[in-house]
Amino acid sequence: MWADALTKFGNAAGAVVVFVAVLLLIFFAAGRATGRVSKPLAVTIFLGPALLLLAVGLIVPAIRTITLSFYNDDSSKFLGGSNYTWVFTSSGEQQILLNTLLWIIVAPVVTTVLGLVLALLVDRLKHQGLYKAFIFMPMAISFVGASIIWKFVYNYRDPSQPQIGLLSQICLWLGWHNPPNWILSHPLNNFLLMVIMVWVQTGFAMVVLSAAIKAIPDEITEAAVLDGARGWRLFQYVTIPMIRNTLVVVLTTVMITTLKLFDIIRTMTGGNFGTQVLANEMYSQSFTEFNTGRGSALAVILFVAVLPLVGYNIVQLRRERATR
Amino acid sequence: MSEETVEASAAADAAPVVPAGGQAGAKAVRRAFSSPIASFLVILLTVLWTVPTLGLLATSLRPESDVAQTGWWTFFAHPGITLSNYHDVLFNGGFGVQNGLMPYLINSLAITVPATIFPLALASMAAYALAWVRFRGSDVIFFLIFALQVVPLQMALVPLLQLYSGGAHIGSATIFPSLGLGGTYAPVWISHTMFALPLAVFLLHNFIAQLPRDLIEAARVDGASHFRVFRSVVLPLATPALASFAIFQFLWVWNDLLVALTFAGGTPEVAPLTVRLAQLSGSFGDHWEILTAGAFISIIIPLAVFFGLQRYFVRGLLAGSVKG
């Protein structure tokens, strides 16, 4: 086994060393060039690899995926738009679209609201760094790890036996003698899976919103206070309008993550028990059912759904960069 | 939301230090939300956020028979610590699985380190060319790379996999040969590099473009080639941005499931921890002592990075929040 490890690390280290050596060699050789060729040469060497990889890895595949979505399962026959018709009319797929819609509404809103509440509350406490660190911590954990953590919380056993799942045990302590098998209970299981997303993303929302609240100019809040605004009114008429853009950015960012959600569903249920969503269905159609046409159509739908959200986010980012 | 403000204050927030006071306005808002109920709410949420992870850690340290028979919360009343679960899951596997997680852990490292270094090098080169080598079309190219952030990686999976396994053909003419990379890390490294580039170029360009003009022009006037300027002036000065992106990318690759599952498959030769854990969670869902120990092994590195390098970590994660 240690020999195996050594070979693997050797491969990885070798790849890095060769990569860096080739770069340095090219830099050394091209650095000696002078005169008219030196600038085009520099541009090619600096920019060429990145552009080539982007073309081969993103641009061409994206165009090809769009093409493939109009073909049948093994791409041998042109089907027109029937893959798309299938997505929107077959009852199984409609359930998936509905689940996805539910996800992108509930999870981001709950995350943003919780993040905002925490951002407002945590600042006044002693040891606030500690609280923030613990709430932000799940952000470091993979969705796979997070799923296993929560699968254990949702573990089900017959109520007559000693419980090992925390949720069931809490229900028993509270006097509910017959808690359900959580993961199998549709539609409840969708919301239980959303809890994982909220658990991971709330720290992100809290940190970003907390920063936005601190960035509100003092003069504005002071003026409002002099005018008699207090408590809820101050929050409603000053804080919220001042951080509105940030709120929308947080909401859309979590929405994007939610739309592309794959790992949680894959690890928790594999898409069974009525929990399937768009991104996991795209993977299943492409790589389990080997239906390239349907998988590609689902990918294109995902792309179209994400487009306005990401577009809004990066334009927002750019505009505020420009105003500073 | 300006990224700089968020990053700066988020970094300050995340460090366990109470930021300097003196913001009267912000204080007024905070006071409005101040009450024992508020403090109670924050503490409650923090506990709620931490307990699931604590349950995972406690379970992974309990003997197998205890885990199966009693809830982990009884651990604190009847502590019995063992590391044998970790030994089993790493080296033995148990319940019919050959070898443990060790090969997958090695794969995770062997995938993550090159998949962090490659995009970092290529993106910083591209960013330098776009920021400091003046040539016609640089604005268009920058915008193109910037805009590629909207393409979800699901759009690239199927065609890219076809390219790796079968090459590219137009009609019967081969324009790109089959590379025979199956069963090696190369497809995973290359794919992660491709998918990382849009965000990496964008972020590093923002930083590198703001380096002092005098410094770079002075070096150029002294006769240094672009390659020399890049290596000895730009790279050292861009270290903070490089570090933030490196940490973001490292964690992104370490925690990734989708890219690894698609391009590495599930074999112990190449698959990383996340892939194996997702498999185990599906098929061996009842052996919690093994599953929890495995999950904890996979999250220990992100957690170490999080608690050790909090400042860079938060900055990197916030900057990369729209990636995918």
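Since we're looking at a predicted model, the values are computed, not measured.

It is worth spelling out the overall build of chain B at this point. What chain B contains, in helices and strands, is 16 helices and 2 strands. Taking all 324 residues of chain B together, the buried fraction comes to 50%.

Turning next to the domain arrangement of chain A. You can read the domains of chain A as domain 1 (2-68) and domain 2 (83-322). Each of domain 1 of chain A and domain 2 of chain A has a C-alpha centre, and these two points are 37 Å apart.

Turning our attention to the packing of helix α6 (residues 143-153) of chain A against helix α15 (residues 288-308) of chain B. Two elements in contact, α6(A) and α15(B), have axes separated by 9 Å at closest approach and are oriented at 150 degrees. The orientation of α6(A) relative to α15(B) falls into the category roughly antiparallel. Handedness of the α6(A)/α15(B) crossing: left-handed. Here α6(A) contributes G145(A), I148(A), I149(A) and F152(A) to the contact with α15(B), which in turn contributes W288(B), L291(B), T292(B), A295(B), S298(B) and I299(B). Looking at the contact of α6(A) with α15(B) residue by residue, the classes come out as 7 nonpolar, 3 polar and no charged.

Residues and elements named next belong to chain B. If you check the domain split of chain B, you get domain 1 (22-82) and domain 2 (102-319). Between the C-alpha centres of domain 1 and domain 2 the distance comes to 34 Å. Tallying the contact residues gives 7 residues for domain 1 and 6 residues for domain 2. Listing elements by their share of the side of domain 1 that touches domain 2, those giving two or more residues are α3 (36-60) and α4 (64-69). For the side of domain 1 that touches domain 2, the class distribution of residues is 3 nonpolar, 2 polar and 2 charged.

Counting from both sides, the interface comprises 109 residues of chain B and, opposite them, 119 residues of chain A. Of the residues belonging to the side of chain B that touches chain A, the class tally is 73 nonpolar, 31 polar and 5 charged.

Let us now look at the nonpolar core. Residue and element names in this part refer to chain B. In terms of nonpolar packing, the biggest core is built from 176 residues, with A126 and L204 touching the most fellow members. For this core, the leading source of residues is helix α6 (residues 102-132), giving 19 residues. If near-sequence neighbours (up to four positions away) are discounted, L204 is found in contact with A123, S124, A127, A238, A241 and F245.

Here we come to the packing of helix α8 (residues 188-214) of chain A against helix α11 (residues 244-259) of chain A. Residue and element names in this part refer to chain A. It is the contact of α8 with α11, at a shortest axis distance of 10 Å, that shows an interaxial angle of 160 degrees. One element, α8, and the other, α11, form an angle in the roughly antiparallel class. Where α8 crosses over α11, the two elements pack in a sense that is right-handed. The residues of α11 that touch α8, namely those facing M197, Q201, A205, V208, L209 and A212, are T246, V250, V254, T257 and T258. Among the residues forming the contact of α8 with α11, the class breakdown is 7 nonpolar, 4 polar and no charged.

Turning next to the confidence of the model for chain B. All names here are of chain B. The share of residues in chain B with pLDDT of 70 or more is 84%, and the mean pLDDT across the chain is 82. The secondary structure element of chain B with the lowest average pLDDT is helix α1 (residues 3-14), at 38, and the one with the highest is α6, at 95. A low-confidence stretch, residues 1-22 (pLDDT under 50), is modelled with 54 contacts involving residues beyond four sequence positions or located in other chains. As a predicted assembly, this complex carries a pTM of 0.89 together with an ipTM value of 0.91.

A separate point is the environment of G271(A). Residue and element names in this part refer to chain A. By the element assignment, G271 lies in the loop between α12 (263-268) and α13 (278-287). The class of G271 is partly exposed, set by 19 C-beta atoms lying within 10 Å. Taking the C-alpha atoms as reference, G271 lies 14 Å from V144; in sequence the two are 127 residues apart. With near-sequence residues (within four places) excluded, G271 lies in contact with I265, Q276, N280, E281 and S284.

A few words on unusual backbone geometry. Trans is the prevailing form of peptide bonds, just as negative phi is the prevailing case for residues other than glycine. All names here are of chain A. Each neighbour pair has its own omega, and for H186 with P187 the value is 0 degrees, a cis peptide bond. For P187, the location among the structural elements is in the loop between α7 (166-173) and α8. Even without a glycine there, the phi angle at S75 is positive, about 65 degrees. Tracing the backbone shows S75 in the loop between α2 (38-68) and α3 (82-89). Despite not being glycine, F273 shows a phi value in the positive range, around 60 degrees. Relative to the elements of secondary structure, F273 occurs in the loop between α12 and α13. For F273, a count of 16 C-beta atoms within 10 Å gives the class partly exposed.

The rules we used
- Residues numbered from 1 in each chain as written.
- Chains lettered and ligands numbered in written order.
- Predicted model: local features only at pLDDT ≥ 70, side-chain atom pairs only at ≥ 80, totals over all residues.
- Helix = DSSP H or I, 4+ residues; strand = E, 2+ residues; numbered from the N terminus.
- Buried ≥ 20, exposed ≤ 12 C-beta atoms within 10 Å, placed from the backbone.
- Domains from an automatic or database assignment.
- Axes fitted to C-alpha atoms, helices over the stretch in contact; angles between N-to-C directions.
- Parallel < 35°, antiparallel > 145°, perpendicular 65-115°, else oblique.
- Left-handed = near helix turned anticlockwise from the far one by under 90°.
- Contact = placed C-beta atoms within 7 Å.
- Nonpolar A, V, L, I, M, F, W, Y, C, P; charged D, E, K, R; others polar.
- Core = buried A, V, L, I, M, F, W, Y, C linked by C-beta atoms within 7 Å.
- pLDDT = per-residue confidence, 0-100.

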